[in-house]
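Next come the chains, spelled out residue by residue.
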Amino acid sequence: MIDRKKYIQLLNGTLKDKNGNTTILDLMKYVNENKPKSLFHYRRCTEYSIEAFREGKIYFNTANNFNDPYDCLVYCDVDKIQNYISNTTESFNIQGLQKNINDDTFIETRSVQMPKQKAEEIVNLLKGDGLQSVLDGIPANYFDNVKQALEHITQSVLNDYMNYYQFEMPLVCLSESYNDILMWSHYADNHKGFVIEYDTDTLRTDCMYCPHGKTNENCIQWRQVMLLPILYTNQRYGATKYIFDNVLMNMYNSVGLSNVWGLSDDFAQYKINIYKHRSWSYEREWRLQLYRTNGEKFIKAKPVAIYLGCRISKCYEDILVQYALSYNIKIYKMSENPRKLKYSLNKQKYIIKS
């Protein structure tokens with residue numbers, strides 16, 4: 001079971017400290033060791049969903065199709081980024097460059113996003129007379145132009161990321177519960193659909209455990225599925241620093257200076273997708289995020305059990321039962337309790353009629 005305070009502590013720790021240390025591996029280990037044994041996928045009865053069940057596929061969706069307009073909606077404080085830009089361009093004026101490069105502590109006090117090796121290369125290239133010769137060739141309005149370029153890149157990057165997380169990021173929404181009345185109403189067609197149970201150990205890709213240690217940098221087939229619990233909170237995730245880091249990375253890369261600037265939080269790309277308002281907490285949601293698709297829109301995962309809605313039509317029920325029998329998995333039928341005072345849904349083992 002995930003402890004909320006511990007989870008938040010580890011999420012906050014993914015931001016790199018001054019030495020570049022982060023809690024990402026600790027976070028992934030904690031989530032993996034404390035994830036529930038099973039998670040549940042609520043489905044409507046459609047040709048698409050039934051065929052996916054038959055083929056053992058879980059198809060990914062995108063946030064623009066979800067019922068929460070804030071889901072994966074990137075928040076960025078544009079005014080704060082404008083201040084970042086002003087401070088950055090001011091510190092990179094001629095006097096600032098002379099002071100920073102010739103300061104013996106420049107390498108150790110550099111921003112965490114700049115690798116130490118790159119900082120050393122810059123110092124060796126520009127220190128002393130080398131710096132002055134570079135500065136002499138810089139036009140007087142150079143840094144004003146840099147500021148304008150950064151402002152333009154900021155808007156472009158923000159638009160790109162808002163579009164990506166809303167319309168392109170592959171996601172699957174799962175729940176810890178199979179018997180929530182509201183969930184059946186909202187996501188399983190008013191109890192006329194079905195729920196599929198999955199073993200959480202199967203909801204991963206082999207790439208994460210590749211014996212050859214390949215990564216997305218050296219394997220064209222590499223991809224990664226991240227399984228994380230939703231964090232229910234009253235405030236959205238602030239992606240301002242993440243956006244600005246990407247602005248600077250784009251700027252440096254555009255002039256051929258790759259790997260000069262990195263992300264202050266390599267986990268930010270996942271955090272954007274796991275913050276939701278507390279009003280959604282009844283869903284007890286976990287989310288699958290597919291980092292790299294290679295064109296695929298699904299992952300393969302064998303179901304553990306199927307739960308048929310208490311209002312499912314007989315034709316859909318018969319089809320799903322036949323497919324479930326071919327998997328040799330457990331079959332249940334949900335039912336309300338008219339003779340009990342408590343509101344609840346019960347599962348009953350499905351009886352095959354001869």
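Residues numbered from 1 in each chain as written. Predicted model: local features only at pLDDT ≥ 70, side-chain atom pairs only at ≥ 80, totals over all residues. Heavy atoms only, no water.

Undergrad: Would you take a moment to explain the pairing of strand S11 (residues 330-336) for this structure?
TA: The side chains of a regular strand alternate between both faces of the sheet. As paired strands, strand S10 (residues 303-308) and S11 are joined by four bridges and run parallel to one another. Within the sheet, the bridge partner assigned to isoleucine 306 lies in S11 and is isoleucine 331. Crossover S10 to S11 through helix H12 (residues 314-327) is right-handed. Two elements, S11 and strand S12 (residues 345-349), share five bridges in a ladder whose sense is antiparallel. Directly across from methionine 334, in S12, lies its bridge partner lysine 347. (Pairing = 2+ DSSP bridges. Helix = DSSP H or I, 4+ residues; strand = E, 2+ residues; numbered from the N terminus. Right-handed = clockwise from strand over helix to strand, strands pointing away.)

Undergrad: For this particular structure, what's the right way to read the side chain of lysine 276?
TA: Here lysine 276 shows up in strand S7 (residues 275-277). On the basis of relative accessible area, lysine 276 is assigned to the buried category, the value being 4%. A polar contact of 3.4 Å, which involves the side chain of lysine 276, links it to the side chain of glutamate 285. Excluding anything up to four places from it in sequence, lysine 276 contacts Asp68, Asp71, Ile230, Leu231, Tyr232, Thr233, Glu283, Glu285 and Arg287. (Buried < 20%, exposed > 50% of the residue type's maximum accessible area, 1.4 Å probe, protein only. Polar contact = N/O pair within 3.5 Å; in protein donor to acceptor, adjacent residues only side chain to side chain. Contact = heavy atoms within 4.5 Å.)

Undergrad: What am I meant to see in the packing of aromatic side chains here?
TA: Between two aromatic rings, the relevant description is the distance of the centres plus the angle of the planes. Taken as a whole, this structure holds 14 aromatic pairs when the rule is applied. Note on tyrosine 237 and tyrosine 275: the rings are 5.2 Å apart at their centroids and 45° apart in plane angle, and the pair reads as tilted. With tyrosine 237 in the loop between strand S6 (231-233) and helix H10 (240-254) and tyrosine 275 in strand S7, the pair connects residues that are 38 residues apart, well separated along the chain. What makes tyrosine 275 buried here is its relative accessible area of 17%. An aromatic cluster is present here, built from Phe40, Tyr178, Tyr307 and Tyr332 joined pairwise through their rings. One cation-aromatic arrangement involves lysine 347 over tyrosine 332; the distance from NZ or CZ to the ring centre is 4.5 Å. (Phe/Tyr/Trp six-rings, centres within 6.5 Å; stacked < 30°, edge-to-face > 60°. Lys NZ or Arg CZ within 6 Å of the ring centre and 35° of its normal.)

Undergrad: Even after reading the chapter, I still don't get the packing of helix H1 (residues 4-12) against helix H2 (residues 24-34), so can you show me in this structure?
TA: When two helices pack together, their arrangement is given by the angle between the helix axes and by the axis-to-axis distance. Contact geometry of H1 with H2 gives a least axis separation of 9 Å together with a crossing angle of 155°. With respect to each other, H1 and H2 are oriented roughly antiparallel. Where H1 crosses over H2, the two elements pack in a sense that is left-handed. Contacts from Lys6, Tyr7, Leu10 and Leu11 of H1 reach H2 at Asp26, Leu27, Tyr30 and Val31. Taken together, the residues of the contact of H1 with H2 sort by class into six nonpolar, no polar and two charged. (Axes fitted to C-alpha atoms, helices over the stretch in contact; angles between N-to-C directions. Parallel < 35°, antiparallel > 145°, perpendicular 65-115°, else oblique. Left-handed = near helix turned anticlockwise from the far one by under 90°. Nonpolar A, V, L, I, M, F, W, Y, C, P; charged D, E, K, R; others polar.)

Undergrad: Is there a simple way to explain the packing of helix H3 (residues 47-55) against H12 in this structure?
TA: One can describe the packing of H3 onto H12 by two numbers: an axis separation of 9 Å at closest approach and a directional angle of 15°. One element, H3, and the other, H12, form an angle in the roughly parallel class. The two elements H3 and H12 cross, and the hand of that crossing is left-handed. Contacts between H3 and H12 involve Ile50, Phe53, Arg54 and Glu55 on the former and, on the latter, Tyr316, Ile319, Leu320, Tyr323, Ala324 and Tyr327. Along the lines of polarity and charge, the residues of the contact of H3 with H12 split into eight nonpolar, no polar and two charged.

Undergrad: Help me understand the side chain of glutamate 285, please; the structure alone is not making it clear to me.
TA: Relative to the elements of secondary structure, glutamate 285 occurs in strand S8 (residues 285-290). On the accessibility criterion, glutamate 285 (4% relative accessible area) is buried. Within polar-contact distance, the side chain of glutamate 285 engages the side chain of arginine 287 at 2.7 Å. Among residues more than four places away in sequence, those in contact with glutamate 285 are Cys173, Leu174, Ser175, Pro229, Ile230, Tyr232 and Lys276.

Undergrad: Honestly, the confidence of the model for the protein in this entry has me stumped. Any pointers?
TA: When pLDDT drops low, the exact placement of atoms in the prediction is not to be read closely. Overall, the predicted model of the protein reaches an average pLDDT of 82, with 73% of residues at or above 70. Predicted confidence in the protein is weakest over helix H5 (residues 94-101), with a mean pLDDT of 53, and strongest over strand S1 (residues 38-43), with 98. (pLDDT = per-residue confidence, 0-100.)

Undergrad: Can you walk me through unusual backbone geometry in this structure?
TA: Residues apart from glycine generally show negative phi values, whereas peptide bonds are mostly found in trans. Although it is not a glycine, cysteine 72 sits at a positive phi angle of roughly 60°. Position of cysteine 72 among the secondary structure elements: in the loop between strand S2 (57-59) and helix H4 (78-91). On the accessibility criterion, cysteine 72 (1% relative accessible area) is buried. Positive phi, normally seen in glycine, also occurs at arginine 284, with a value near 45°. Structurally, arginine 284 is set in the loop between S7 and S8. Residue class for arginine 284 comes out partly exposed when judged on its relative accessible area of 40%.

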